[in-house]
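What follows is the residue order along each chain.
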Amino acid sequence: KKVGVVFYDALHTSEATEKFMLNITEFLANGAILILDDWDREDVRNGAFKASYKNSSWKILREMPEYTDGLTTVPHYFGYYFGVSIWQYNK
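Here we summarise the structure given alongside this text. The residue numbers shown here count from 1 along each chain, following its written sequence. The predicted nature of this model means local features are confined to residues of pLDDT at least 70 and side-chain atom pairs, given and counted, to a pLDDT of 80 or more, with totals for whole chains, interfaces and linings taken over all residues. To obtain the side-chain values, all non-hydrogen atoms of the structure were used and water was disregarded.

Right, let's get into helix α1 (residues 14–23). Exposed residues in this analysis have more than 50% of their type's maximum accessible area, buried residues have under 20%, and partly exposed residues fall in between, with area computed by a 1.4 Å probe over protein chains only. A run of DSSP states H or I qualifies as a helix once it reaches four residues; a run of E qualifies as a strand once it reaches two. Both are numbered from the N-terminal end. Of the positions making up α1, those classed as buried are S14, A16, T17, E18 and M21. Any two residues whose heavy atoms approach within 4.5 Å are treated as being in contact. Buried residues in α1 make contact with β1 (3–8), β2 (28–37), α2 (42–54), β3 (58–64) and β4 (84–89).

The next point concerns the sheet that holds β4. A pair of strands is labelled paired if DSSP reports no fewer than 2 bridges between them. Strand order in this open sheet of four strands is β1-β2-β4-β3, and the pairing throughout is mixed. Unpaired on one side and paired on the other, β1 and β3 mark the two borders of the sheet. Sheet twist, expressed as the average angle between the axes of neighbouring strands with direction ignored, equals 15 degrees. Across five bridges, β1 lies against β2 in parallel orientation. The residue of β2 that forms the bridge with V6 is L34. Note on definitions: angles span 0 to 180 degrees between N-to-C directions of axes, and those axes are lines fitted to C-alpha atoms, for helices only across the stretch in contact.

Helix span, as expected, comes to 1.5 Å for every residue beyond the first. Counted at 1.5 Å a residue, the expected span for α2 with its 13 residues is 18 Å, and the 18 Å between its end C-alpha atoms agrees. Its buried side turned inward, α2 meets α1, β2, β3 and β4.

In what follows, salt bridge is the name for a side-chain nitrogen of Lys or Arg lying within 4 Å of a carboxyl oxygen of Asp or Glu. By the definition in use, this model includes one salt bridge. The partner of K54 in a salt bridge is E18, with the nearest N and O atoms 2.6 Å apart. Residue K54 is located in helix α2, and its partner E18 is located in helix α1; the two are separated by 36 residues in the primary sequence.

Looking now at the packing of α1 against α2. At their nearest, the axes of α1 and α2 sit 7 Å apart, and the two run at 35 degrees to each other. As for the relative orientation of α1 and α2, their crossing is right-handed in sense. Where α1 abuts α2, its residues S14, T17, E18, M21 and L22 lie against D43, V44, N46, G47, A48, K50, A51 and K54. The crossing is said to be left-handed when, going from far helix to near helix, the turn is anticlockwise and less than a right angle, and right-handed when the turn is clockwise.

If you want it as structure tokens, here you go:
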């Protein structure tokens, strides 16, 4: 069966994030949700947007940044250090 929800918390390079988003699509159900960790990192954002430009089936639904150092600063919003973004994959 196809996967409906994916949480990605792996390599934080632009290339790795882009490659993951482009390669995972064959396993995703229509309307699948991707939760992308460490959204505060520029490389993660760049890789995600590159993937969405190459495959227009990816749409960002929500950005939930924290903009903290992840170690000594209290989270601003929902309590997950370095933030997340929520994406949907529609074939």
